[in-house]
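Secondary and tertiary structure notes
Single-letter residue listing:
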Amino acid sequence: MSSQPKSHTRDDPLARREQILDEAIRIIGERGYYGFAVQDLAGRCGLTTAGLLYHFKTKEQLFMAVLSERDRRAEEALMRLLASFPVENFAKLALPLGEVVTLLRAVLEITVAQPELSRLFVVLGAESLHKSHPGYAYFRRREERVIEMLARIVGAHVVDPRSTARQISALMLGLQQQWLGADGEWDLLAQWDQAIAKVLPEPDSKVAQAK
């Protein structure tokens, strides 16, 4: 009897769940939470609505699973980035200004490599501004975590870390939105390089030296 593991097929519940999440990321990124219907997603997956609801009982449960999957994929990409980043004492985020700039640019490079996840995030971030949206709490918590992390990263180099962190976050999100809307027709990273130079001080500036 062969001891080789069986390959996953669409009849495998795990493989089918992954397929559903892949298609959900695409369709929600196109239409938002309110704009897509479960039956449309089921059709894309070659399932009946009942078949899809076997894996995710409600539209909201599916939506939260999509957010979790988006976070998992983004975290994997970030961990790969950090593992290759030559920084000593990274745990304390005590980075020289030049390495801060390099790190922030590398984070944005993940956007270029994963446009579908970026589109999903941009669309849902705008849609979830109202408290009635099922993603409202998720996006508010995430925003606060991002601001806190960015403030720690730039804290040694600017006068008001949280204000600078909000500017960087807004810059990242705004450029992503414009780039996605233009279907990637211009160089996102080149525009980022020009913009971040206006937000962070020069490495030899008086602000950087004072910190």
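Residue positions are counted from 1 within each chain, in the order its sequence is given. For a predicted model such as this one, the threshold for reporting local features is a pLDDT of at least 70, and the threshold for listing and counting side-chain atom pairs is 80 or more; totals across whole chains, interfaces and linings nevertheless cover every residue. Side-chain figures throughout are based on the complete set of non-hydrogen atoms in the structure, without hydrogens or water.

Some remarks on the overall build of the protein
- Numbering of helices and strands starts at the N terminus; helices are DSSP runs of H or I of at least 4 residues and strands are runs of E of at least 2. Helix and strand counts for the protein stand at 10 helices and zero strands.
- Per-residue burial for the protein yields a buried fraction of 40% across its 211 residues.
- Pairs of residues are marked as contacts when any of their non-hydrogen atoms sit within 4.5 Å. For the protein, restricting intrachain contacts to residue pairs at least 6 apart in sequence, the fraction spanning at least 24 positions comes to 63%. We call a residue buried when its accessible area falls under 20% of the maximum for its residue type, exposed when it is over 50%, and partly exposed in between, using a 1.4 Å probe and counting protein chains only.

Quick notes on the packing of helix 4 (residues 59-83) against helix 7 (residues 136-154)
- Packing of helix 4 against helix 7 brings their axes to within 11 Å, and their N-to-C directions diverge by 25°. Judged by the angle between their axes, helix 4 and helix 7 are roughly parallel. Once helix 4 is placed against helix 7, the crossing between them reads as right-handed. Residues Leu67, Arg70 and Asp71 of helix 4 lie in contact with helix 7, whose contacting residues are Tyr138, Phe139 and Arg142.
- Three categories are distinguished: nonpolar for Ala, Val, Leu, Ile, Met, Phe, Trp, Tyr, Cys and Pro, charged for Asp, Glu, Lys and Arg, and polar for the others, with Gly belonging to the last. Its residues assigned to classes, the contact of helix 4 with helix 7 shows three nonpolar, no polar and three charged. Axis geometry follows a simple rule: fit a line to the C-alpha atoms, using only the stretch in contact for helices, then measure angles between N-to-C directions, giving values from 0 to 180 degrees. In these notes the angle categories are as follows: under 35 degrees is roughly parallel, over 145 is roughly antiparallel, 65 to 115 is roughly perpendicular, and the rest is oblique. Each crossing gets its handedness from the near helix: less than a right angle anticlockwise from the far helix is left-handed, clockwise is right-handed.

Details of the side chain of Glu23
- Counting through the fold element by element, Glu23 comes out in helix 1 (residues 13-35).
- Pairs of N or O atoms within 3.5 Å make up the polar contacts considered here, provided that, within protein, one atom can donate a hydrogen while the other can accept it, and that residues adjacent in sequence are counted only when both atoms are side-chain atoms. There is a polar contact of 2.9 Å between the side chain of Glu23 and the side chain of Arg26.
- In this view, Glu23 contacts Leu41, Arg44 and Cys45; residues no more than four positions away in its chain are not counted.

A look at the pattern of salt bridges
- Only one rule defines a salt bridge in this text: a Lys or Arg side-chain nitrogen within 4 Å of an Asp or Glu carboxyl oxygen. Applying the stated rule across the entire model yields 13 salt bridges.
- Between Arg31 and Asp40 there is a salt bridge, with its nearest N and O atoms 3.2 Å apart.
- Among the charged side chains, a network of salt bridges with common partners joins Asp22, Glu69, Arg72, Arg73 and Glu76.

A word on the packing of helix 8 (residues 161-181) against helix 9 (residues 188-199)
- Closest axis-to-axis distance for the helix 8/helix 9 pair is 11 Å, and the angle between their directions is 160°. Judged by the angle between their axes, helix 8 and helix 9 are roughly antiparallel. Judged by the twist between their axes, the crossing of helix 8 over helix 9 is right-handed. Seen from helix 8, the contacting residues are Thr164, Gln167, Ile168, Leu171, Met172, Leu175, Gln176 and Trp179; seen from helix 9, they are Leu188, Gln191, Trp192, Ala195, Ile196 and Val199.
- Class assignment for the residues of the contact of helix 8 with helix 9 results in 10 nonpolar, four polar and no charged.

Some points on the layout of surface pockets
- A cavity here means a set of 1 Å grid points, computed over protein atoms only, where a 1.4 Å probe fits but cannot escape. A pocket is an open set with protein on both sides within 12 Å along at least 5 of 7 lines, and lining residues have an atom within 4 Å of a point. Grid points are joined across faces, edges and corners, and a volume is the space filled by probe spheres set on the points. What the largest pocket holds in volume is close to 1400 Å³.
- Elements represented by at least two residues in the lining of the largest pocket include exactly helix 4, helix 5 (97-113), helix 6 (115-127), helix 7 and helix 8.
- With 11 residues, the top contributor of residues to the lining of the largest pocket is helix 7.
- Classifying every residue of the lining of the largest pocket by side-chain character gives 26 nonpolar, seven polar and nine charged.

Describing the confidence of the model for the protein
- In predicted models, pLDDT denotes the confidence assigned by the predictor to each residue on a 0 to 100 scale. Per-chain confidence: the protein averages 85 in pLDDT, with 85% of residues scoring 70 or above.
- Ranking the elements of the protein by mean pLDDT puts helix 10 (residues 206-210) last with 48 and helix 9 first with 95.
- In this model, residues 206-210 is a region of pLDDT below 50 whose contacts with residues beyond four sequence positions or in other chains number nine contacts.

Regarding the packing of aromatic side chains
- Paired rings are identified among Phe, Tyr and Trp, the last through its six-membered ring, by centres lying within 6.5 Å, and are further divided according to the angle between planes into stacked (under 30 degrees), edge-to-face (over 60) and tilted (the rest). Inspection of the entire model under this criterion finds five aromatic pairs.
- Ring geometry for Tyr33 against Tyr34: centres 5.3 Å apart, planes inclined by 70°, an arrangement best described as edge-to-face.
- Note on Tyr33: relative accessible area 9%, which makes it buried.
- Here Tyr138 and Phe139 contribute two aromatic rings whose centre-to-centre distance is 4.9 Å and whose plane-to-plane angle is 85°, an arrangement assigned as edge-to-face. Residues Tyr138 and Phe139 agree in their burial class; the two are buried.
- Grouped by ring-pair contacts, the aromatic residues Tyr33, Tyr34, Phe36 and Phe63 constitute a single cluster.
- Note that Lys59 overlies the ring of Tyr33, its terminal NZ or CZ placed 4.7 Å from the centroid.
- Ring-over charges, as used throughout, are those where CZ of Arg or NZ of Lys falls within 6 Å of the ring centre and within 35 degrees of the ring normal. Taking NZ or CZ as reference, Arg140 lies 5.1 Å from the ring centre of Tyr136, over its face.

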